[in-house]
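Breakdown of the fold
Here is what each chain is made of, one letter per residue.
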Amino acid sequence: VDLAEKEMDNPMFRSDTVLSDVHLHCPSKRHLMVRLNAVGQPVFLSYFKLLWSTEDLASGKHVREIATGREHHCRSGDELCDKDRSNIKKEEELNSEGVEALLDDDGDLEVVRRPRSASDLQAEDLLRDIVCPVILMKGKEDAFEDEEQECSCSNVVKIEHTMATPLEDVGKQVWRAAFLLADYILFKRDTFRCCSVLELGGGTGIASIIMATVAKRVYCTDVGEDLLAMCEQNVALNKHLMEPGGGEIQVKELDWLKDEFCTDREAPYSWSEEEIADLLDHCSVIMAADVFYDDDLTDALFRTLYRITHNLRNSCTVYLALEKRLNFTLRHMDVTCEAYSHFRNTLSDLENLQDGKMKYTVEPIKLDFCQFLVYERIEQL
């Protein structure tokens, strides 16, 4: 605990440190630090609220629908809830004022900045919500007792994750594209019902957990014993979400840089011959979220996709979700999306592949489906 407190009071970031945007998902919530992992990284527990409960998903009842873009509707039957009606009214009033209301006398954009302190009583409402990790200490185990009571088990996903890691450990963080994929799964749940599914680069396992609420069996795969142990812990934390539908998750190692499944019985998270046969005989869905950030790994992923789909007994649909990240590079002296461009080129190569054995077709999915998890669905997704 003392070590953890020291780390959080004096954070040290290396040049290759990657920060999670998990605070955007729960901007007004604290994140409980539960432990240090095997490599000394602080591990946090966050609650991600489902806007539909699992009971409503099972019955198909529409409790809430959030459309993309500027319109946010909350429906129970055909009625808007009071909160969203108020928000829409405020937005309409803001729109009616026009852009001119945001300009100063010289025509420049006038930005209202939030104060750094609450010394001005009139500015208290403009203060940002302070989001900070809570360190679990002896005698403070009930720090989140009230929050847990507020969150019913049927509409909350509990995920252990890290906040910041080197690039090679980004799978331990939570990323937006996993939420986007989870949204699509819940929106198209009848499509995935009773399916056998493989997730590549499952990370913390949130997409696999949501998939297992409707699918029969999910093989959630990644590489690294520490990461897979975290994923397995998250599966255990959310077992109650999968039990109503009878879905199950198998956490397994799958290294894209190797040509074969790991079958070493001494290795943790290895595959048995029966599990490999079950995957190849029954898998009809493969999915991956936010795994396209390194060109070499992108190439390795597509080679793995080809190898696995080539050996499947039945045809398969692959769902890929990602965030198009804009970066300024000195090489181009401009804002570029090199990782995304390489992904699109590799995807095009796969679609144009003509080997007489496999045929791939690529179809984009419009992001006009409902939002079921609380996160920021940005246009770069």
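Residues numbered from 1 in each chain as written. Predicted model: local features only at pLDDT ≥ 70, side-chain atom pairs only at ≥ 80, totals over all residues. Heavy atoms only, no water.

1. Concerning the overall build of the protein chain
A count of helical and extended segments in the protein chain gives 12 helices and 15 strands. Buried positions account for 41% of the 381 residues belonging to the protein chain. Contacts in the protein chain between residues at least 24 apart in sequence constitute 69% of all its contacts with a sequence separation of at least 6. For the protein chain, the exposed surface amounts to about 22300 Å²; the carbon and sulfur share of it is 48%. (Helix = DSSP H or I, 4+ residues; strand = E, 2+ residues; numbered from the N terminus. Buried < 20%, exposed > 50% of the residue type's maximum accessible area, 1.4 Å probe, protein only. Contact = heavy atoms within 4.5 Å. Areas by Shrake-Rupley, 256 points an atom, 1.4 Å probe, with all protein chains shown as cover.)

2. A few points about the packing of helix 11 (residues 295-311) against helix 12 (residues 338-351)
Relative orientation of the contacting elements helix 11 and helix 12 amounts to 25 degrees, with a least axis distance of 10 Å. With respect to helix 12, the element helix 11 is oriented roughly parallel. Where helix 11 crosses over helix 12, the handedness of that crossing is right-handed. On helix 12, the residues that touch Asp295, Thr298, Asp299 and Phe302 of helix 11 are Glu338, Ala339, His342, Phe343, Thr346, Leu347 and Leu350. (Axes fitted to C-alpha atoms, helices over the stretch in contact; angles between N-to-C directions. Parallel < 35°, antiparallel > 145°, perpendicular 65-115°, else oblique. Left-handed = near helix turned anticlockwise from the far one by under 90°.)

3. A short note on the packing of aromatic side chains
The geometry of an aromatic ring pair is captured by the separation of the ring centres together with the interplanar angle, meaning the angle of the planes. What the rule picks out here adds up to 14 aromatic pairs. Relative to Phe302, the ring of Phe292 lies with its centre 6.0 Å away and its plane at 35 degrees, an arrangement referred to as tilted. Taken together, the positions of Phe292 in the loop between strand 12 (283-289) and helix 11 and Phe302 in helix 11 put the pair 10 residues apart, joining distant regions of the chain. (Phe/Tyr/Trp six-rings, centres within 6.5 Å; stacked < 30°, edge-to-face > 60°.)

4. Topic: the side chain of Gln173
Relative to the helices and strands, Gln173 resides in the loop between strand 8 (164-166) and helix 5 (176-187). Gln173 gets classed as buried once you look at its relative accessible area, which sits at 2%. A distance of 2.8 Å separates the side chain of Gln173 from the side chain of Thr165, its partner in a polar contact. (Polar contact = N/O pair within 3.5 Å; in protein donor to acceptor, adjacent residues only side chain to side chain.)

5. Examining helix 5
Relative to the 16 Å expected for 12 residues at 1.5 Å per residue, helix 5 spans 17 Å between its end C-alpha atoms, a close match to the ideal helical length. Here helix 5 has its buried residues at Arg176, Ala177, Ala178, Phe179, Leu180, Leu181, Ala182, Asp183, Tyr184, Ile185 and Leu186. (Expected span 1.5 Å × (residues − 1).)

6. Here we look at unusual backbone geometry
In this model, Cys194 sits at a positive phi of 65 degrees, which is unusual for a non-glycine residue. Using a relative accessible area of 59% as the deciding quantity, one classes Cys194 as exposed. In this model, Tyr269 sits at a positive phi of 65 degrees, which is unusual for a non-glycine residue. Here Tyr269 falls in the buried class, since its relative accessible area comes to 16%.

7. What about the sheet that holds strand 12?
Spatially, the five strands line up as an open sheet ordered 11-10-9-12-13, and their pairing is parallel. The strands lining the two open edges of the sheet, one partner per strand, are strand 11 (248-253) and strand 13 (317-321). For this sheet the average axis-to-axis angle between neighbouring strands, irrespective of direction, equals 20 degrees. Along the sheet face, helix 5 touches strand 12 and strand 13 and points at about 145 degrees away from the line of strand 12. (Pairing = 2+ DSSP bridges.)

8. Focus on the environment of Val285
Relative to the elements of secondary structure, Val285 occurs in strand 12. For Val285, a relative accessible area of 5% corresponds to the buried category. Along the chain, Val285 and Val197 lie 88 residues apart, while their C-alpha atoms are 4.8 Å from each other.

9. Examining helix 11
Compared with an ideal rise of 1.5 Å per residue, which puts 17 residues at 24 Å, helix 11 spans 25 Å between its outermost C-alpha atoms and is within 8% of the ideal. Taken as a whole, helix 11 has its buried residues at Thr298, Ala300, Leu301, Phe302, Thr304, Leu305, Arg307, Ile308 and Thr309. Against strand 9 (196-199), helix 10 (273-282), strand 12, strand 13 and helix 12 lie the buried residues of helix 11. Near the N-terminus of helix 11, the side chain that reaches the backbone nitrogen of Asp296, with its oxygen 3.1 Å away, is that of Asp294.

10. Overview of the layout of surface pockets
A volume near 1200 Å³ is recorded for the largest pocket. Together, 35 residues line the largest pocket, and Val318, Tyr319, Leu320, Val362 and Glu363 are the ones closest to its centre. Breaking the lining of the largest pocket down by element, the ones donating at least two residues are helix 5, helix 11, strand 13 and helix 12. Residue composition of the lining of the largest pocket, by class: 24 nonpolar, six polar and five charged. (1 Å grid on protein atoms, 1.4 Å probe; cavity = no way out; pocket = protein on both sides within 12 Å on 5 of 7 lines; lining within 4 Å. Points joined across faces, edges and corners; volume = space filled by probe spheres on them. Nonpolar A, V, L, I, M, F, W, Y, C, P; charged D, E, K, R; others polar.)

11. As for the pairing of strand 7 (residues 156-161)
For strand 7, a buried count of five out of six residues is recorded, marking the element as mostly surrounded by other parts of the structure. Across six bridges, the pairing between strand 3 (residues 42-49) and strand 7 is antiparallel. The residue of strand 7 that forms the bridge with Ser46 is Ile159.

12. Observations regarding the confidence of the model for the protein chain
Residue-level pLDDT values for the protein chain average 79, and 67% of them are 70 or greater. Low pLDDT, under 50, characterises residues 137-144; the predicted model gives this stretch 10 contacts beyond four residues in sequence or across chains. (pLDDT = per-residue confidence, 0-100.)

13. Let's talk about the pattern of salt bridges
Overall, the coordinates contain 13 salt bridges when judged by the stated rule. For Asp278, the salt bridge identified is with Arg217, shortest N-O distance 3.4 Å. Taken together, the residues Asp278 in helix 10 and Arg217 in strand 10 (residues 217-222) connect sequence positions 61 residues apart. With respect to burial, Asp278 and Arg217 carry one shared label: buried. Between Arg325 and Asp290 there is a salt bridge, with its nearest N and O atoms 2.9 Å apart. With Arg325 in the loop between strand 13 and strand 14 (327-329) and Asp290 in the loop between strand 12 and helix 11, this residue pair connects regions lying 35 residues apart in the sequence. Judged by relative accessible area, Asp290 falls into the buried class, the value being 12%. Overlapping salt bridges bring together Arg176, Asp290, Glu323, Arg325 and Glu376 as one network. (Salt bridge = Lys/Arg side-chain N within 4 Å of Asp/Glu carboxyl O.)

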